[in-house]
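Understanding the architecture of this molecule
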Amino acid sequence: MPIACGTAEPPKTVSDVSCAAYSKISYAQLSPAQRALPADQQIDAGNKADSDETVVEVQAHNARHDAICGNVKPK
C-alpha cells in the first residue's frame, strides 16, 4: 500500500495593488461667483479651470476611489 508523505500547499493570497497604482485626481474649478458670470466675463487666466462636466466626473472617480481604498492621503 503506497504511503504519501508531505505537507499541504499553503493557501495562495491575492494582493490588490489597485489602490497603490491609482490615486485620486485633482481638478481646478472657478469660484461659484466666477461660474455665475456669463462665459465671456469669466476670468480663467491661463485657461487652467476644468469644465463643470469634468469636475463632476473627477468627483465621481474620487468617490469610487474612497469607497474602495478608503479616504487615504497619498504619500
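Each value, and the rule that gives it
- Along each chain, numbering runs from 1 in the same order as the chain's sequence is written.
- Given that this is a predicted model, residues contribute local features only at a pLDDT of at least 70 and side-chain atom pairs are listed and counted only at 80 or more, while totals for whole chains, interfaces and linings are drawn from all residues.
- To obtain the side-chain values, all non-hydrogen atoms of the structure were used and water was disregarded.
- The term salt bridge refers to a pairing of a side-chain nitrogen on Lys or Arg with a carboxyl oxygen on Asp or Glu at a separation within 4 Å.
- Comment: elements are numbered from the N terminus, with helices defined as DSSP H or I runs of at least four residues and strands as E runs of at least two.
- Whether a residue is buried, partly exposed or exposed follows from its accessible area with a 1.4 Å probe, protein chains only, as a fraction of its type maximum: under 20%, in between, or over 50%, in that order.
- Here, the term disulfide refers to a pair of cysteine sulfur atoms separated by no more than 2.5 Å.
- To estimate how far a helix should extend, the number of its residues minus one is multiplied by 1.5 Å.
- It is the directions from the helix axis to the C-beta atoms that the arc portrays.
- In this analysis, two residues are considered to be in contact whenever any of their non-hydrogen atoms come within 4.5 Å of each other.

Re the pattern of salt bridges
Taken as a whole and assessed by the stated rule, the structure comprises 2 salt bridges. Notably, a salt bridge pairs Lys24 with Asp66, separated by 3.4 Å at the nearest N-O pair. In this pair, Lys24 sits in the loop between helix 1 (18-21) and helix 2 (32-36) while Asp66 sits in helix 3 (residues 52-69), placing the two residues 42 residues apart along the sequence. A residue is classified by how much of its surface remains accessible, and Lys24, at 34% relative accessible area, is partly exposed. Across the salt bridge formed by Arg35 and Asp52, the nearest N and O atoms sit 3.7 Å from each other. With a gap of 17 residues between them, Arg35 in helix 2 and Asp52 in helix 3 connect regions that are remote in the sequence. A relative accessible area of 42% means that Asp52 is categorised as partly exposed.

Comments concerning the state of the cysteines
In total, this model carries 1 disulfide according to the counting rule given. Note on cysteine connectivity: Cys19 is disulfide-linked to Cys69, with sulfurs 1.8 Å apart. With the S-S bond torsion at -90°, the cross-link from Cys19 to Cys69 turns out left-handed. Here Cys19, found in helix 1, pairs with Cys69, found in helix 3; they are 50 residues apart in sequence, far enough to count as distant.

Re helix 3
Along its 18 residues, helix 3 runs 25 Å from first to last C-alpha, staying within 8% of the 26 Å computed at 1.5 Å per residue. Along helix 3, the positions that sit buried rather than exposed are Val55, Val58, Asn62 and His65. One side of helix 3 holds all its buried residues, which, seen down the axis, span an arc of 85°. Opposite the buried face of helix 3, at more than 90 degrees from it, the exposed residues are Glu53, Val56, Glu57, Arg64, Ala67 and Ile68. Packed against the buried residues of helix 3 are helix 1. At the exit of helix 3 stands Gly70, carrying a positive phi of roughly 85°.

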